[in-house]
Structure formats: C-alpha cells, structure tokens
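A structural walkthrough
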Amino acid sequence: AAARGGGECGAGKQPVPRRSIRALIRLQDRLPFSCVVDPDKGLWRDFKAGVKACKSVDKVGEKFLWFSRQVVPEVQRTSWKEDAEDAALSRRVSECEKDADLESLMLGLYWKKAIDVEAIKNQVADTIAREEREWADAAAAGVASRDEERRR
C-alpha cells in the first residue's frame, strides 16, 4: 500500500505533526479526481489513511512529495515548471524540521505557486460537460432502441 500512497508512516520522538497532516488532507480534498494521475478512489482512501497515520514531519513530507507527483501537469502553473520549482521541492521538503514549516510549504508555496486554480475549475467544467454529453447520448440511444422495439 505504501507504493500507492497509503500505508503506515514511521514513528518519531517529536509530537504528531497535526498541522501538516491537516494541510496535506486539505490539498487532497481540493483536488478533484480529474486533476490527478491515478483517480482510483481506493488509492486516495489509502493515501488519506496513511497521511493520518504519520508520526513525523519527515513522513508527512514523503507523503506530500508523492502527492505532488500525482498532480497532472495541466493544473500546474507553467511558471512553476519553467522555474524548476518542482525540481527543488524535494530539497525544500527535506529542510522542513517543524510541523508549521511543512504546513507553510504545502499551503503557501505549493498551493499558491504550483497549482493553477483556474485550470482546476476548467478541468472540472470539462469533466461535467463530457459526462452530460455521455448521459445525453446514452438517453438518446435508449429512446432510439425503444422506438425500434415498438416498430417490430
């Protein structure tokens, strides 16, 4: 399960990093399934359980880095990729020693500079439009087959 983003996080002697755990879960909750590489609901249920089980800032940081690799490029800001900010993320996470530092990195730097909220809204709108077309096509196909049966 650890390879899928879930699994246990190691225990440390420091207090449980509640702030960064909450921050990472907030990030996950803000990102719809259409904005991640693997939209499997079971994977994300396991991921959330794994995050909640974390006992150290380092382990939450590992979960965050896995999460950041799941975000599709279409909802990442071009400037984030062009400035190689994504490449420096691992180093920045490893430098976080305190719970508040990692929380700030995730919700401040990452959410504000890496994630394009408008692109997320567009992705969601596209998904809804596609599903509505599929439903309309399915309904039309159902009506057509009923009409065909009546003619027989």
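A brief structural summary. (Residues numbered from 1 in each chain as written. Predicted model: local features only at pLDDT ≥ 70, side-chain atom pairs only at ≥ 80, totals over all residues. Heavy atoms only, no water.)

1. Some words on the packing of aromatic side chains
One pass over the full model with this rule turns up seven aromatic pairs. Note on Phe64 and Tyr110: the rings are 5.1 Å apart at their centroids and 90° apart in plane angle, and the pair reads as edge-to-face. With Phe64 in helix α3 (residues 57-70) and Tyr110 in helix α6 (residues 99-114), the pair connects residues that are 46 residues apart, well separated along the chain. By relative accessible area, Tyr110 is classed as buried at 2%. Taken together, the ring pairs in this structure connect Trp44, Phe47, Trp66 and Phe67 into an aromatic cluster. (Phe/Tyr/Trp six-rings, centres within 6.5 Å; stacked < 30°, edge-to-face > 60°. Helix = DSSP H or I, 4+ residues; strand = E, 2+ residues; numbered from the N terminus. Buried < 20%, exposed > 50% of the residue type's maximum accessible area, 1.4 Å probe, protein only.)

2. Thoughts on the nonpolar core
Core analysis: the largest hydrophobic core is formed by 37 residues, its most contacted members being Leu24, Leu27, Phe64, Phe67 and Tyr110. Put simply, the parts of the chain that give this core at least two residues each are α1 (18-30), α2 (41-52), α3, α5 (85-94), α6 and α7 (117-151). For this core, the leading source of residues is α6, giving eight residues. Dropping the residues within four chain positions of it, Leu24 is found in contact with Phe47, Val51, Val60, Lys63, Phe64, Phe67 and Met106. (Core = buried A, V, L, I, M, F, W, Y, C linked by side-chain atoms within 4.5 Å. Contact = heavy atoms within 4.5 Å.)

3. Comments concerning the packing of α2 against α3
Across the interface, α2 lies against α3 with an axial gap of 11 Å and an inter-helix angle of 155°. Relative to α3, the element α2 is oriented roughly antiparallel. Handedness of the crossing formed by α2 with α3: left-handed. Contact with α2, carried on its side by Leu43, Trp44, Phe47, Gly50 and Val51, involves Lys63, Trp66, Phe67 and Gln70 of α3 and no other residues of that element. A class-by-class count of the residues in the contact of α2 with α3 yields six nonpolar, two polar and one charged. (Axes fitted to C-alpha atoms, helices over the stretch in contact; angles between N-to-C directions. Parallel < 35°, antiparallel > 145°, perpendicular 65-115°, else oblique. Left-handed = near helix turned anticlockwise from the far one by under 90°. Nonpolar A, V, L, I, M, F, W, Y, C, P; charged D, E, K, R; others polar.)

4. Looking at α1
Because each turn of an α-helix spans 3.6 residues, side chains separated by three or four positions in sequence point in the same direction. Between the first and last C-alpha of α1 there are 18 Å, a value that for 13 residues agrees with the 18 Å anticipated at 1.5 Å per step. Within α1, burial applies to Ser20, Ile21, Ala23, Leu24, Ile25, Leu27 and Gln28. The inward-facing, buried residues of α1 abut α2, α3 and α6. (Expected span 1.5 Å × (residues − 1).)

5. Some points on the packing of α1 against α6
At a minimum axis separation of 7 Å, α1 and α6 run at an interaxial angle of 25°. As summarised for this structure, α1 and α6 are arranged roughly parallel, according to the angle between their axes. Note that α1 runs across α6; the crossing there is left-handed. In this structure, α1 contributes Arg18, Arg19, Ser20, Ala23, Leu24, Arg26, Leu27 and Arg30 to the contact, and α6 contributes Asp99, Ala100, Leu102, Glu103, Met106, Leu107, Tyr110 and Trp111. Within the contact of α1 with α6, the residues separate by chemical class into nine nonpolar, one polar and six charged.

6. Structural notes on the pattern of salt bridges
Evaluated as defined, the whole model comprises five salt bridges. Ionic pairing is found between Arg19 and Glu103, a salt bridge with its closest N-O pair at 2.7 Å. One end of the pair, Arg19, is in helix α1; the other, Glu103, is in helix α6, with 84 residues separating them in the sequence. (Salt bridge = Lys/Arg side-chain N within 4 Å of Asp/Glu carboxyl O.)

Treat this as a map of the structure, not an account of what it does.
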